[in-house]
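Letter by letter, the chains look like this.
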Amino acid sequence: MGTRSLRRRVVVFAFVLGVALQCVPPTVYYLGDGDPDDERFAWRMFSSTWLRRKVCRVDYDDLFDGRPRIDREAELRFDAAWLPVLQRRWDWATRRVVQHRCEARPRLRRVRVHEVCGPRRVTVEYPCPGAA
Amino acid sequence: MNALERHGFAPVSARRVFVLVRGVLIITAFDAFRLAAGALQSRRLDADLAIAHFELLDRLQPTPTAELRAGVFLAVGLFSALAVVRPTRWLLVPVALLQTWSWSMTIHDNFQHHYFVSILLWSLVSMPRVAVGPAGSRWPRGDVVAPGFSFVAASVGLTYFFTAVAKVSPAWVRGDVVAHLTMHLAPYWSSSLNPWVACLTIFFELLVAAAYVFAPRVRWRVIALATVSFHVCAELVFGLAIGAFSIYMVALAFVFLDPWRVAPGSKGRRAEPVEQGHEESLFALARARPRG
């Protein structure tokens, strides 16, 4: 096999590999059992999940063991940064946000994340690691 | 030589490669400078917690602050602007690397088109360098063999394909999403149109996907103009404010689907067929070109 022929085959292989790699995230999204809200690499623009984000509102509340000490500035900063992420309802990201919240706020026992879509309200409760 | 090799190694007009590389870099530069300004004003980053798109990045990178993101965007803009003048690999690799880092460093950036731009920029690295033609000519002449060109076409085709697949859902087909998008057009828009527009969009995106897959060799003027209109309508009529993504897609439609057939060899429906020996020599020519 000549150098040129080998080079061609390498280029064709890279071409096919590149195309196949791009197909992996959307295929895993549809065929895998991952989070259906996590559409990041699945090319799902203006999907039903997007519509739900537009018409629903996500909020949360904290359940403390005893009286909490609130730093108002820090809470505002946290909400500005992380409420948009909670709004996306990616379970893995919500867990990391909650875990950080639990670590940074003493005596926090659990965080309830609510999604309100018109009259419908869905609540998911995330216990803090190590909380009874 | 199999069909894939024929497709990937089909010679394309040097002018189209030239416009693709420069066009993508110019849009990237403008978008990056715009995003740098936006990043500084953003309140969305919290220094106490950082979550990247990939867990490994959280261990490797410094905590992404607004200043860091703005700096990365500025670097992307500067490298892109320099690469417009001289698109060497020494400039294209940092552009692709920094642009990929700019969105992957934090999940606050979840625009899918930033991921798409990464694919585009990494593809540009493999393009042959096409210089402007001899003195007196404003455009490069002749054809080059550029498998990267076909790769970009296939990638754009895949994007349209999966975008169409995503729309095959009850909420879309019923027209719920279109109804939400056309709320502001209420006095001029009939809700009975929604399911029709929804289904037509799926069909159209599949058609555009096919057009891109065959784009390096076949051009359809009607699909090209319809694609441009589709993105212009999405921005101006439906007010989707997708921004840079629409600009990229319109630019790519001009390059790949070539509505006015400005590139050489595009007078007919197909580019000129190339004989085996000629193709080999073009391949050698592309390899022999000096690269940066």
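Above this text is the structure in question.
A few points on the structure.

Definitions and cut-offs
- Residues numbered from 1 in each chain as written.
- Chains lettered and ligands numbered in written order.
- Predicted model: local features only at pLDDT ≥ 70, side-chain atom pairs only at ≥ 80, totals over all residues.
- Heavy atoms only, no water.
- Helix = DSSP H or I, 4+ residues; strand = E, 2+ residues; numbered from the N terminus.
- Buried < 20%, exposed > 50% of the residue type's maximum accessible area, 1.4 Å probe, protein only.
- Areas by Shrake-Rupley, 256 points an atom, 1.4 Å probe, with all protein chains shown as cover.
- Lys, Arg positive; Asp, Glu negative; His and termini not counted.
- Charge placed at Lys NZ, Arg CZ, Asp CG, Glu CD.
- Expected span 1.5 Å × (residues − 1).
- Contact = heavy atoms within 4.5 Å.
- Buried area = accessible area lost by both parts, 1.4 Å probe.
- Salt bridge = Lys/Arg side-chain N within 4 Å of Asp/Glu carboxyl O.
- Disulfide = S-S within 2.5 Å.
- Axes fitted to C-alpha atoms, helices over the stretch in contact; angles between N-to-C directions.
- Parallel < 35°, antiparallel > 145°, perpendicular 65-115°, else oblique.
- Left-handed = near helix turned anticlockwise from the far one by under 90°.
- Nonpolar A, V, L, I, M, F, W, Y, C, P; charged D, E, K, R; others polar.
- Pairing = 2+ DSSP bridges.
- Core = buried A, V, L, I, M, F, W, Y, C linked by side-chain atoms within 4.5 Å.
- Patch = residues over 30% accessible without salt bridge, like charges linked within 9 Å, V, L, I, M, F, W, Y side chains within 5 Å.
- Polar contact = N/O pair within 3.5 Å; in protein donor to acceptor, adjacent residues only side chain to side chain.

## Focus on the overall build of chain A
- When helices and strands are tallied, chain A shows four helices and three strands.
- Listing every helix and strand of chain A by position from the N terminus yields α-α-β-α-α-β-β.
- Its C-alpha atoms put chain A at 75 × 35 × 30 Å along the principal axes.
- Counting over 132 residues, chain A shows a buried share of 38%.
- Split by element, the accessible area of chain A, about 7700 Å² in all, is 56% carbon and sulfur.
- Positive and negative charge centroids in chain A, built from 26 and 17 side chains respectively, lie 7 Å apart.

## Thoughts on helix α7 (residues 147-166) of chain B
- Helix length check: α7(B), at 20 residues, gives a terminal C-alpha distance of 28 Å against a target of 28 Å (1.5 Å per residue), a fit within 8%.
- Most of α7(B) sits inside the fold, with 18 of its 20 residues counted as buried.

## Quick look at the interface of chain A and chain B
- Of the residues lining the interface, 44 residues belong to chain A; the matching set on chain B comes to 52 residues.
- Summed over both partners, the interface of chain A with chain B buries about 4500 Å², with 68% contributed by carbon and sulfur atoms.
- For the chain A face of the interface with chain B, the top three residues by lost area are Arg8(A), Phe15(A) and Trp43(A), together amounting to 20%.
- For the pair chain A and chain B, the number of links is one salt bridge.
- With a closest N to O distance of 2.9 Å, Asp58(B) and Arg96(A) form a salt bridge.

## A word on the state of the cysteines
Residue and element names in this part refer to chain A.
- Tallying each qualifying case throughout the model produces two disulfides over all chains.
- At a sulfur-sulfur separation of 2.0 Å, the disulfide partner of Cys56 is Cys117. Linking Cys56 and Cys117, the disulfide has an S-S dihedral of approximately 110 degrees and is accordingly described as right-handed. With Cys56 in the loop between α2 (48-55) and β1 (57-64) and Cys117 in strand β2 (residues 108-117), the pair connects residues that are 61 residues apart, well separated along the chain. A single burial state applies to Cys56 and to Cys117, both of which are buried.
- Between the sulfur of Cys102 and that of Cys128 lies a disulfide, 1.9 Å long from S to S. Taking the torsion about the S-S bond as the criterion, the Cys102 to Cys128 disulfide, at about -75 degrees, is left-handed. Placement of Cys102 in helix α4 (residues 91-104) and of Cys128 in the segment after β3 (120-127) is noted, with a sequence separation of 26 residues between them. Of the two residues examined, Cys102 and Cys128, each falls in the buried class.
- Assigning the bonded cysteines of chain A consecutive numbers by sequence position, one obtains the connectivity 1-3, 2-4.

## Some remarks on the pattern of salt bridges
- The tally for this structure, following the rule as stated, stands at 19 salt bridges over all chains.
- Connected via shared salt-bridge partners are Asp37(A), Arg52(A), Arg89(A) and Glu115(A).

## What about the packing of helix α10 (residues 194-213) of chain B against helix α11 (residues 221-236) of chain B?
Residues and elements named next belong to chain B.
- Contact geometry of α10 with α11 gives a least axis separation of 11 Å together with a crossing angle of 125 degrees. Taken together, the axes of α10 and α11 lie oblique to each other. At the point where α10 passes α11, the crossing takes the left-handed sense. In this structure, α10 uses Thr201, Phe204, Glu205, Leu207, Val208 and Ala211 to contact α11, whose residues at the interface are Ile223, Ala226, Thr227 and Phe230.
- Here the contact of α10 with α11 is composed, by residue class, of seven nonpolar, two polar and one charged.

## Details of the environment of Ala253(B)
Residues and elements named next belong to chain B.
- Along the chain, the position of Ala253 falls in helix α12 (residues 244-257).
- Take Ala253: its relative accessible area is 0%, and that puts it in the buried class.
- With 70 residues separating them in the primary sequence, Ala253 and Met183 have C-alpha atoms 29 Å apart.
- Filtering out sequence-adjacent residues up to four positions away, Ala253 remains in contact with Tyr212, Ala224, Thr227, Val228, Asp258 and Pro259.

## Some words on the sheet that holds β1(A)
Residue and element names in this part refer to chain A.
- Spatial ordering of the open sheet is given by β1-β2-β3, a layout of three strands whose pairing is antiparallel. What marks the edges here is a single partner per strand, and that holds for β1 and β3. Strand-to-strand, the axes of this sheet are offset by a mean angle of 20 degrees, without reference to chain direction.

## Let's talk about the nonpolar core
- Core analysis: the biggest nonpolar cluster contains 70 residues, and Leu20(B), Leu252(B) and Phe256(B) have the highest contact counts within it.
- When residues in this core are grouped by element, the largest group, 10 residues, is from α12(B).
- By size, the runner-up hydrophobic cluster in this structure holds 20 residues, among which are Phe78(A), Val85(A), Val111(A) and Ile51(B).

## What about a nonpolar patch on the surface?
- A grouping of Phe13(A), Leu17(A), Leu21(A), Val24(A) and Val28(A) is seen on the molecular surface, where their side chains present a nonpolar patch of about 490 Å² in accessible area.
- Inspection of the secondary structure puts Leu17(A) in helix α1 (residues 3-31).

## Let's talk about the environment of Asp62(A)
Residues and elements named next belong to chain A.
- Among the structural elements, Asp62 can be located in strand β1.
- For the pair formed by Asp62 and Thr123, sequence separation is 61 residues and the distance between their alpha carbons is 12 Å.
- The residues contacting Asp62, other than those within four sequence positions of it, are Arg101, Leu108, Arg110 and Val111.
- Of the polar contacts made by the side chain of Asp62, one reaches the side chain of Arg101; its length is 2.6 Å.

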